[in-house]
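Structure at a glance
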Amino acid sequence: MLEHVHNHITKELEQNTKTDIIFILTSIALNLITLGINSGLVEKSRTESSTLAVMFVFVTLIILVNIVVIIGLIKGKQTRIKLVNGLLTMYRDQNVSKYYDESLLGNYNVRYNLFILVVVCTGVIATIVPFILR
């Protein structure tokens, strides 16, 4: 039964990683695509108010998607910590905890914070640059 629980936890960790990757790539792709679209609309937005409105719609989309991604990454971080703590408890109970360095939890924490920073930075750039060009 213990092996079954271990396999379940490791599969959950794998799924958590895949979900995080999807969140990050979606956010970065959307931010960069929107940066390109809004930058392309800059010239028209100087004379057409409807084009400026479209730019603001894209900015709203960037903000909403990035908020969802950040919340998803925070939840992913919390889930990973809980799952790894479960594994660590199991390893301690089986006297094999020496094979898993607990400092990895801190590394995961830093990694998630860096992912969130990348999402925020690309979102800010995608939002601000077109309006600077305007």
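The following refers to the structure shown. These figures come from a predicted structure and were not determined experimentally.

**Observations concerning the overall build of the chain**
Per the secondary structure count, the chain includes three helices and zero strands. Going from the N terminus to the C terminus, the chain shows its helices and strands as α-α-α. Computed over C-alpha atoms, the radius of gyration of the chain comes to 21 Å, more than 25% over the 14 Å expected from 2.2 N^0.38 for 134 residues, which places it beyond the range of a compact globule. Projected onto its principal axes, the C-alpha coordinates of the chain cover approximately 70 × 25 × 15 Å. Taking the contacts inside the chain whose residues are at least 6 apart along the sequence as the reference set, 80% of them involve residues at least 24 apart. Summing over all exposed atoms, the chain offers an accessible surface of approximately 8,300 Å²; the carbon and sulfur share of this is 68%.

**Here's the deal with the nonpolar core**
One broad trend across soluble globular proteins is that nonpolar side chains are buried collectively. Of all hydrophobic cores here, the largest spans eleven residues; its members are I9, L13, L83, V84, L87, L88, M90, Y91, Y100, L105 and Y108. Listed by contribution, the elements that provide at least two residues to this core are α1 (2-45), α2 (49-93) and α3 (104-133). Per-element tally for this core: the top contributor is α2, with six residues. L87 has contacts with H6, I9, T10 and L13, leaving out every residue within four places of it along the chain.

**Points about the packing of aromatic side chains**
Within this structure, the stated rule accounts for three aromatic pairs. Aromatic pair Y91 and Y100: ring centres 6.1 Å apart, planes at 50°, arrangement tilted. Here Y91 and Y100 have matching classes, each one buried. A ring pair is formed by Y112 and F115, whose centres lie 6.2 Å apart and whose planes are at 75°; its orientation type is edge-to-face. One end of the pair, Y112, and the other, F115, are both in helix α3, three residues apart, so they sit about a helical turn from each other. With relative accessibility at 1%, the residue Y112 sits in the buried group.

**As for the pattern of salt bridges**
By the definition in use, this model includes two salt bridges. Taking the shortest distance from any N to any O, the salt bridge between E43 and R46 comes out at 2.9 Å. Judged by relative accessible area, R46 falls into the partly exposed class, the value being 42%. R92 is paired through a salt bridge with E102; the nearest N and O atoms lie 3.2 Å apart. Here R92 is found in helix α2, whereas its partner E102 is found in the loop between α2 and α3, with ten residues between them in sequence.

**Regarding the environment of L32**
Mapped onto the elements of the fold, L32 is located in helix α1. On the basis of relative accessibility, which here comes to 51%, the residue L32 falls in the exposed class. Residues L32 and G123, 91 residues apart in the sequence, show an inter-C-alpha distance of 8.3 Å.

**Section: α2**
Given a rise of 1.5 Å per residue, 45 residues ought to cover 66 Å, and the 66 Å separating the end C-alpha atoms of α2 matches this to within 8%. Phi turns positive, to about 60°, at N95, one or two residues after α2.

**Structural notes on the side chain of D20**
Among the structural elements, D20 can be located in helix α1. One buried charge, D20, has no salt-bridge partner; the nearest side chain with opposite charge is R80, at 5.1 Å. If near-sequence neighbours (up to four positions away) are discounted, D20 is found in contact with G72, L73, G76 and Y112.

Cut-off values and rules
Residues numbered from 1 in each chain as written. Predicted model: local features only at pLDDT ≥ 70, side-chain atom pairs only at ≥ 80, totals over all residues. Heavy atoms only, no water. Helix = DSSP H or I, 4+ residues; strand = E, 2+ residues; numbered from the N terminus. Rg over C-alpha atoms; globule rule 2.2 N^0.38 Å. Contact = heavy atoms within 4.5 Å. Areas by Shrake-Rupley, 256 points an atom, 1.4 Å probe, with all protein chains shown as cover. Core = buried A, V, L, I, M, F, W, Y, C linked by side-chain atoms within 4.5 Å. Buried < 20%, exposed > 50% of the residue type's maximum accessible area, 1.4 Å probe, protein only. Phe/Tyr/Trp six-rings, centres within 6.5 Å; stacked < 30°, edge-to-face > 60°. Salt bridge = Lys/Arg side-chain N within 4 Å of Asp/Glu carboxyl O. Expected span 1.5 Å × (residues − 1). Lys, Arg positive; Asp, Glu negative; His and termini not counted.

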